[in-house]
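# Report on the structure
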Amino acid sequence: MAEILSALRSLMASHSPPLHALIVPSEDYHQSEYVSDRDKRREFVSGFTGSAGLALITKDEARLWTDGRYFLQAMQQLSDQWQLMRIGEDPSVDSWISDNLPREAAIGVDPWCVSVDTAQRWERAFAKNQQKLIQTSSNLVDEVWKNQPPAETNPVIVHPLEFAGRSVSEKLKDLREKLAIERARGIIITALDEVAWLYNIRGSDVSYCPVVHAFAIVTLNSAFLYVDKRKVSSKVSSSIQENGIEVREYGAVSSDVALLASNQLEKDTGLSSGRNDVCETGTCEAEENNNDLIWVDPASCCYALFSKLDAKKMLLQQSPLALAKALKNPVELDGLRNAHIRDGAAVVQYLVWLDKQMQEIYGASGYFLEGKGASKKRSETMKLTEVTASDKLEGFRATKEHFRGLSFPTISSVGPNAAVIHYSPQPETCAELDPDSIYLFDSGAQYLDGTTDITRTVHFGKPSEHEKACYTSVLKGHIALGNARFPNGTNGHALDILARIPLWRYGLDYRHGTGHGIGSYLNVHEGPHLISFRPQARNVPLQASMTVTDEPGYYADGNFGIRLENVLVIKEADTEFNFGDKGYLSFEHITWAPYQIKLIDLSLLTPEEIEWLNTYHSKCREILAPSMDKNELDWLKKATEPVSA
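Thresholds applied
- Residues numbered from 1 in each chain as written.
- Predicted model: local features only at pLDDT ≥ 70, side-chain atom pairs only at ≥ 80, totals over all residues.
- Heavy atoms only, no water.
- Helix = DSSP H or I, 4+ residues; strand = E, 2+ residues; numbered from the N terminus.
- Rg over C-alpha atoms; globule rule 2.2 N^0.38 Å.
- Buried < 20%, exposed > 50% of the residue type's maximum accessible area, 1.4 Å probe, protein only.
- Contact = heavy atoms within 4.5 Å.
- Areas by Shrake-Rupley, 256 points an atom, 1.4 Å probe, with all protein chains shown as cover.
- Lys, Arg positive; Asp, Glu negative; His and termini not counted.
- Charge placed at Lys NZ, Arg CZ, Asp CG, Glu CD.
- Polar contact = N/O pair within 3.5 Å; in protein donor to acceptor, adjacent residues only side chain to side chain.
- Pairing = 2+ DSSP bridges.
- Axes fitted to C-alpha atoms, helices over the stretch in contact; angles between N-to-C directions.
- 1 Å grid on protein atoms, 1.4 Å probe; cavity = no way out; pocket = protein on both sides within 12 Å on 5 of 7 lines; lining within 4 Å.
- Points joined across faces, edges and corners; volume = space filled by probe spheres on them.
- Nonpolar A, V, L, I, M, F, W, Y, C, P; charged D, E, K, R; others polar.
- Core = buried A, V, L, I, M, F, W, Y, C linked by side-chain atoms within 4.5 Å.
- UniProt positions renumbered as here; feature names shortened; annotations may be inferred.
- Parallel < 35°, antiparallel > 145°, perpendicular 65-115°, else oblique.
- Left-handed = near helix turned anticlockwise from the far one by under 90°.
- Phe/Tyr/Trp six-rings, centres within 6.5 Å; stacked < 30°, edge-to-face > 60°.
- Lys NZ or Arg CZ within 6 Å of the ring centre and 35° of its normal.

### Side note on the overall build of the chain
In terms of regular secondary structure, the chain is built from 21 helices and 28 strands. Against the compact-globule benchmark of 26 Å for 645 residues, the chain has a radius of gyration of 26 Å, which places it among compact chains. Per-residue burial for the chain yields a buried fraction of 58% across its 645 residues. Put simply, 70% of the contacts in the chain that link residues at least 6 apart link residues at least 24 apart. Surface summary for the chain: the accessible area is close to 25800 Å², and the carbon and sulfur share equals 49%. Of the charged side chains in the chain, 66 are positive and 86 negative, and the gap between their average positions amounts to 1 Å.

### Structural notes on the side chain of arginine 41
Counting through the fold element by element, arginine 41 comes out in helix α2 (residues 41-46). Within the local environment of arginine 41, its side chain forms a polar contact with the side chain of aspartate 142, the two groups lying 2.7 Å apart. Once you skip the residues sitting within four places of it in the chain, arginine 41 turns out to touch Val24, Tyr29, Cys113, Asn139, Val141, Asp142, Trp145 and Gln148.

### Some details on the sheet that holds strand β14 (residues 314-316)
Read across the sheet, six strands follow the order β12-β11-β10-β8-β13-β14 without closing on themselves; strand pairing throughout is mixed. The open sheet has two free edges, formed respectively by β12 (245-248) and β14, since each of these has just one partner strand. Shown here is a sheet whose adjacent strand axes are inclined to one another by a mean of 20°, direction ignored.

### Here we look at empty space enclosed by the protein
The full count for this structure, using the stated rule, is one cavity of 30 Å³ or more. Considered as a void within the structure, the largest cavity measures approximately 70 Å³ in volume. Going through the elements one at a time, β1 (21-25) and α6 (140-144) are the ones with two or more residues in the lining of the largest cavity. Ranked by residue count, the leading element in the lining of the largest cavity is β1, at four residues. Residue composition of the lining of the largest cavity, grouped by class: eight nonpolar, one polar and three charged.

### As for the side chain of threonine 514
Topologically, threonine 514 is positioned in the loop between α19 (492-504) and β22 (515-517). For threonine 514, the side chain forms a polar contact with the side chain of aspartate 496, separated by 2.5 Å. Not counting residues up to four positions away in its chain, the partners in contact with threonine 514 are Leu481, Asp496, Ala499, Arg500, Ile531, Ser532, Thr549, Asp550, Glu551 and Pro552.

### Some remarks on the nonpolar core
One finds Tyr350, Leu354, Tyr439 and Phe587 to be the most contacted residues of the largest nonpolar core, which totals 74 residues. Ranked by the residues each element gives to this core, the list is headed by helix α16 (residues 330-362), at 12 residues. Formed by 45 residues, the second largest nonpolar core is a distinct cluster that contains Ile189, Ile201, Ala214 and Ile245.

### Digging into the UniProt feature "domain: Peptidase M24 C-terminal" (unreviewed entry) in the chain
Mapped onto this numbering, the UniProt entry annotates "domain: Peptidase M24 C-terminal" (unreviewed entry) at residues 583-643. Secondary structure across residues 583-643 divides into 46% helix and 10% strand, with the first and last C-alpha atoms of the span separated by 35 Å.

### Some points on the packing of helix α4 (residues 93-100) against helix α5 (residues 116-127)
Packed helices, taken two at a time, are described by the angle their axes make and the gap between the axes. Across the interface, α4 lies against α5 with an axial gap of 9 Å and an inter-helix angle of 25°. Here α5 runs roughly parallel to α4, going by the angle between their axes. Here the hand of the crossing between α4 and α5 comes out right-handed. When α4 is examined against α5, the residues Val93, Asp94, Ile97 and Ser98 are found in contact with a partner set consisting of Arg121, Trp122, Ala125 and Phe126. Class assignment of the residues belonging to the contact of α4 with α5 gives a composition of five nonpolar, one polar and two charged.

### A closer look at the UniProt feature "domain: Creatinase N-terminal" (unreviewed entry) in the chain
Under the feature "domain: Creatinase N-terminal" (unreviewed entry), the UniProt entry names residues 6-138. Within residues 6-138, the helical portion is 32% and the strand portion 20%, while the C-alpha atoms at the span's ends are 18 Å from each other.

### Focus: the packing of aromatic side chains
Under the definition given, this model contains 21 aromatic pairs. Ring geometry for tyrosine 29 against tryptophan 112: centres 5.1 Å apart, planes inclined by 35°, an arrangement best described as tilted. One end of the pair, tyrosine 29, is in the loop between β1 and α2; the other, tryptophan 112, is in the loop between β5 (106-109) and α5, and 83 residues separate them in sequence. Taking 5.2 Å as the distance between ring centres and 20° as the angle between the ring planes, the aromatic pair formed by tryptophan 592 and tyrosine 616 counts as stacked. With a gap of 24 residues between them, tryptophan 592 in the loop between β28 (584-589) and α20 (607-624) and tyrosine 616 in helix α20 connect regions that are remote in the sequence. The exposure class of tryptophan 592 is buried, given its relative accessible area of 8%. Feature note: the residues Tyr29, Trp112, Phe215 and Tyr250 constitute an aromatic cluster, connected by ring pairs. Cation over ring: arginine 342 sits above tyrosine 447, and NZ or CZ is 5.2 Å from the ring centre.

Right, dumping it as structure tokens:
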């Protein structure tokens, strides 16, 4: 790590102008949450492997900013050359730079790896002391990363209509109508899941996310896909071109954005197909004369492309595809429901297997009975670890129809590791399973018809009264949110409190949001809506046909962690009254796996919560029974027996 910092500082000193600091973000050229191995620059310089964070290197300091999910992990992974900066507790990176670096300091960043929003916020903060954000012409980390992995060249795949539910031509028509309404003549699409969704394509360029490294430009008359052409077979190429989309090389996006800015892009290509009758009323020419804006999403568009546009002729607002993608069509909703049934079956099969292993190898009392483990372990060859257990879970999922891989690295965590919110077990260092400790697993899969994400927390020995009280509080919050009814126009910021109130009663809480959207065979974290205490959760009201997770938790640092997570579909609610004629919404659970009765203090549940639990469990039995063999079904029946206070 010392050599990397030293090499970077040497490049900073020889840069023109010399750099007082270098910012290394986590993001790739598309501002993605999960990035390919080639793009893990922040991880390379800092050694911190979490998905969120930002590194700052100055002449004599190295600091890493990350959020509450990763405080423990960062403390464990950072060397003593690095100082951890806790987002929400310590000054933000721009405030710190403004206050701690000299006047007129030059701060370097690769403009491809930072969003317009972020770069502009930094520039405003730096201006106070005449400090300057310098766009480096190359990425300095790439220059010192000797064995940087090569760019991915995995094939582009067409996502069939039977799973997508809507054709590319329909999606382009809708998009062009939105452009016309906003007086825009074109849009630059940079988020990988938006490009994949719009053009009904998928790929495997980023682990866990079925996306392709690609940009798109859509105008009122034409459409372009920027991708490494080696990834596009002739069959896929013709399918894309049938929709009036021209395939161009990935690197051409830079010069094409400049052409778009000067209104030369379509003249340059001679292409004006793909209109898809958006202007069938004959108003198109008039519209084109008035429509002079280029639509750019400032949260996902990189500063490098933004810098090629005329600031006076830009529409800077959220991409219209973010909401369109979040509002699932009936085919996508059916696909998600079916994917979650297969996924629930895999999770139950895993629990049956794990219960048996814990009893046989460790003498645990098991999933149903309470008792201390008998420390029965026979030999080293018979041990279970966080990694071997999670591999087994992946194995159960892999037997299911349409399985295409995991949707994120499985969090398989025992005891103190379960308190690390985004813990990622490694074969060399992971813990062995322990019959006397809580085990938390948060996992999901990519299926052709949907993406899944589920968390369950279990104990195979005798949980303490405190662990039971904490688990029950988390469950109460999980039920309260899932049972909510709320008027149209309500955002996720307003609902977040419902999941926390049972924890707050005891002075407990958790440092992450409560819910995120989930893709349809796309990214496991999908906006634009959230259920969270974070201010951005106020930006987008929840709407019928969105998906969202319900995942409160509690983490006792160094001791244990608890989280429960289901995926919900937002639907119209049937209410007795309709105050203000707003219409009301509610949630439908589509995740199916039991909650462990042994971890619940039933005396803390209300009669309504007990009724909800029994109803949910009876649905689990009914829905999963056809996927179970006799042994698994017997186990499931026992796990979902009705309870009373």
